[in-house]
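# Structure at a glance
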Amino acid sequence: MQSTIDIQAMRRAALDAMAGLPEPPGALSVEAIRIDAGSQPDPGTLAVAVRDRLLRDGGPGAALVTGLDATSDIPEARKFHKELFAAVWELVEPAAGDEVPGNGYKVKMNVIADGAIPLELYGNAWSFKKLHMDRDALIFSHLYGPTAGFDGGALLLADVRAYMGLHSAGFTDLFDWSQEPTPGSKPVLRAEHESAVLAECGANVGPLGPGEILFVNNLPSAGILHGATPVEVTDPEGYVREYHRCSVRRADR
Ligand SMILES: [Fe+2]
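Remember, it's a predicted structure, so these values are computed and weren't measured experimentally.

## Some words on the sheet that holds strand β4 (residues 139-148)
Spatially, the six strands line up as an open sheet ordered β1-β2-β10-β4-β13-β3, and their pairing is mixed. Edge strands, defined here as strands with exactly one partner in the open sheet, are β1 (34-36) and β3 (104-113). Across the sheet, the mean angle from the axis of one strand to that of its neighbour is 20 degrees, orientation sign disregarded. Alignment of strand β2 (residues 62-66) against strand β10 (residues 213-217), held across four bridges, turns out to be antiparallel.

Below is the structure:
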């Protein structure tokens, strides 16, 4: 419980500090984050390209690897995703520093079936849609697929660090804490700010499918929010929206 409170306090403090920070150097856009996996995807080479985009000392804070479906089916792509995440984390970890308490790291991997998420996990069968930061993850990545039978579900990203700097806004100006069935909350952008934040500092990555992996720098100081447009099921029989998620958080060993 202590670490839950600590990380929320750190997220709040980091967001409050953004009001006084200069605009980060890397502007967030779909073009700025996209990396083609190429005809012979290599986790080591791609990890460097992902790291360069994830870190905020020049990068936009997110990365989108595309084109993996040209060389891999879904099981192969999930295996590749796991390797790529491990390689990316190895490169990003030195930059994560002591920002979050804990003396070790915990890497988590799972497959989430949107619309069928066990209620005891998040209190909702659907993954979170409003722009937010995850509570514990330092970085995370999602490989989408299989996907069928729906409209919507476009992935949204926003550089709230840039927005807060431009508008001298603090946590209470823009955010609420999420209501969760389990202890702990995440910072959620209030609905009335969403259109301005997206228009000034956001990117619509579109609905992602097989062969596309989205990486997000979710460190408190990074100031990257993520969310999705509502999913509308158009074919209940054929509907599927799965994503393979990798994430890492600090933990006491
Ligand atoms: Fe999330």
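There's plenty left to go through after this.
## Examining the environment of P43
With respect to the secondary-structure elements, P43 resides in helix α3 (residues 43-54). Separated by 39 residues in the primary sequence, P43 and K82 place their C-alpha atoms 9.6 Å from one another. If sequence neighbours within four positions are ignored, P43 has contacts with F80, E83, L84 and A87.

## A few points about the pairing of β2
The buried count for β2 comes to five of five residues, which makes it a mostly enclosed element. Where burial is concerned, the two faces of β2 agree: the one with A62, L64 and T66 and the one with A63 and V65 are both buried. By the bridge criterion, three bridges tie β1 to β2 in an arrangement that is parallel. Along β2, the bridge assignment pairs D36 with T66. Read from β1 through α3 to β2, the crossover connection turns out right-handed.

## With respect to the sheet that holds strand β6 (residues 155-159)
In space, the three strands of this open sheet follow the order β9-β6-β11, with antiparallel pairing throughout. Of all strands in the sheet, those bounded by a partner on one side alone are β9 (202-206) and β11 (224-228). Pairs of neighbouring strands in the sheet enclose a mean axial angle of 20 degrees, with direction left out of account. Note: β6 against β11, five bridges, orientation antiparallel. Bridged to L157 within β11 is H226. Here helix α6 (residues 160-167) sits on the sheet and contacts β6 and β11; the angle it forms with β6, its principal contact strand, is near 40 degrees.

## Some points on the packing of α6 against helix α8 (residues 194-201)
Direction vectors running N to C along α6 and α8 enclose 100 degrees, while the axes themselves pass 9 Å from each other. Classified by the interaxial angle, the pair formed by α6 and α8 is roughly perpendicular. Here A162, Y163, L166 and H167 of α6 lie close against α8, whose contacting residues are A196, V197, E200 and C201.

## Quick notes on unusual backbone geometry
A cis amide bond links G145 with the next residue in sequence, P146, at an omega value of 0 degrees. Here P146 is to be found in strand β4. The residue S168 is not glycine, and still its phi comes out positive at about 45 degrees. Counting through the fold element by element, S168 comes out in the loop between α6 and α7 (171-174).

## Remarks on the packing of α3 against helix α4 (residues 74-96)
Packing of α3 against α4 brings their axes to within 8 Å, and their N-to-C directions diverge by 55 degrees. One way to sum up the angle between α3 and α4 is to call them oblique. Seen from above, α3 lies across α4 with right-handed handedness. Judged by residue contacts, P43, L46, A47, V48, V50, R51 and L54 of α3 engage F80, E83, L84, A87, V88, L91 and V92 from α4. For the contact of α3 with α4, the per-class residue count stands at 12 nonpolar, no polar and two charged.

Conventions and cut-offs
- Residue numbering note: each chain is counted from 1, following its sequence as written.
- Owing to the predicted nature of the model, reporting of local features is limited to residues with pLDDT of at least 70; listing and counting of side-chain atom pairs is limited to 80 or more, with chain, interface and lining totals taken over all residues.
- In computing side-chain values, all of the structure's heavy atoms are included and hydrogens and water are not.
- Strands pair, by our definition, only if DSSP identifies at least two bridges between them.
- For the purposes of this entry, the term helix denotes a DSSP run of H or I that reaches at least four residues, the term strand denotes a run of E that reaches at least two, and both are numbered from the N terminus.
- Lines fitted to C-alpha atoms define the axes, with helix axes restricted to the stretch in contact, and inter-axis angles between N-to-C directions lie between 0 and 180 degrees.
- Note on contacts: a residue pair is in contact if any heavy atoms of the two residues lie within 4.5 Å.
- Per-residue accessibility, obtained with a 1.4 Å probe over protein chains only, is compared with the maximum for each type, and a residue is labelled buried under 20%, exposed over 50%, and partly exposed between these values.
- Whether a crossover is right-handed comes down to one check: with the strands pointing away from the viewer, does the path from the first strand over the helix to the second run clockwise; if it does, it is right-handed.
- In these notes the angle categories are as follows: under 35 degrees is roughly parallel, over 145 is roughly antiparallel, 65 to 115 is roughly perpendicular, and the rest is oblique.
- Crossing handedness follows the turn of the near helix against the far one: under a right angle anticlockwise gives a left-handed crossing, and clockwise gives a right-handed one.
- Any residue that is not Ala, Val, Leu, Ile, Met, Phe, Trp, Tyr, Cys, Pro, Asp, Glu, Lys or Arg is counted as polar, Gly included; the first ten are nonpolar and the last four charged.

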